[in-house]
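In case you want the letters, here they are:
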Amino acid sequence: MKFPTEYGEVEITVNAIRKLVYLAVLETYGPISIGSDNWFSRWFSSEEGKIKVEEDEYGHLKIDIFVEVEFGTKVTEVAKNIEENVVHKLSAFANCENPEVNVHVIGVR
């Protein structure tokens, strides 16, 4: 992802965006762990690897986050808070305009 500044062009890698998303999820109240949608990646990938970040040819981001939430919390509120926090962090730190953030709740513990 590239965007111009007054000093030149800045390029942010997908791995850097994935790390920002991971940190934004950790700061949100409610998620216990960042999970995965299949058993294979549960065993063979890191926590950050369980966040899917895709960029299209126009520079728009699509982010899928798979989380397990804490028992007793409102699942819809936790998902909404994660989405809002991720959008806020990406717009503040990576200059991302309107990323598509999908929060998938895969379990409750």
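Higher on the page you've got the structure.
Rules used throughout
Residues numbered from 1 in each chain as written. Predicted model: local features only at pLDDT ≥ 70, side-chain atom pairs only at ≥ 80, totals over all residues. Heavy atoms only, no water. Helix = DSSP H or I, 4+ residues; strand = E, 2+ residues; numbered from the N terminus. Expected span 1.5 Å × (residues − 1). Contact = heavy atoms within 4.5 Å. Axes fitted to C-alpha atoms, helices over the stretch in contact; angles between N-to-C directions. Parallel < 35°, antiparallel > 145°, perpendicular 65-115°, else oblique. Left-handed = near helix turned anticlockwise from the far one by under 90°. Salt bridge = Lys/Arg side-chain N within 4 Å of Asp/Glu carboxyl O. Buried < 20%, exposed > 50% of the residue type's maximum accessible area, 1.4 Å probe, protein only. Pairing = 2+ DSSP bridges. Right-handed = clockwise from strand over helix to strand, strands pointing away.

A turn of α-helix holds 3.6 residues, and therefore any two residues three or four places apart point the same way. Helix length check: helix α1 (residues 14-27), at 14 residues, gives a terminal C-alpha distance of 20 Å against a target of 20 Å (1.5 Å per residue), a fit within 8%. Of the surrounding secondary structure, the elements contacted by the buried residues of α1 are β3 (31-34), β4 (51-55), β5 (61-69) and α3 (75-93).

Moving on, we come to the packing of α1 against α3. The interhelical angle for the contact between α1 and α3, taken along N-to-C directions, is 135°, at an axis separation of 9 Å. Considering the angle they form, α1 stands oblique to α3. For the pair α1 and α3, the crossing hand works out as right-handed. Here α1 contributes Ile17, Leu20, Val21, Ala24, Val25 and Glu27 to the contact with α3, which in turn contributes Ile82, Asn85, Val86, Lys89, Leu90 and Phe93.

Bringing the pattern of salt bridges into the picture now. Within this structure, the stated rule accounts for two salt bridges. For Glu27, the salt bridge identified is with Lys89, shortest N-O distance 3.1 Å. Of the two residues, Glu27 sits in helix α1 while Lys89 sits in helix α3, which places them 62 residues apart along the sequence. Among the residues examined, Lys89 registers a relative accessible area of 18% and is labelled buried. A salt bridge links Arg109 to Glu68, with the nearest nitrogen and oxygen atoms 2.6 Å apart. Taken together, the positions of Arg109 in the segment after β6 (100-108) and Glu68 in strand β5 put the pair 41 residues apart, joining distant regions of the chain. When its relative accessible area of 12% is taken as the criterion, Glu68 is described as buried.

This brings us to the pairing of β6. The sheet contact formed by β5 and β6 spans eight bridges and is parallel. What sits directly across from Lys62, in β6, is Glu100. The handedness of the β5 to β6 crossover, carried by α3, is right-handed.

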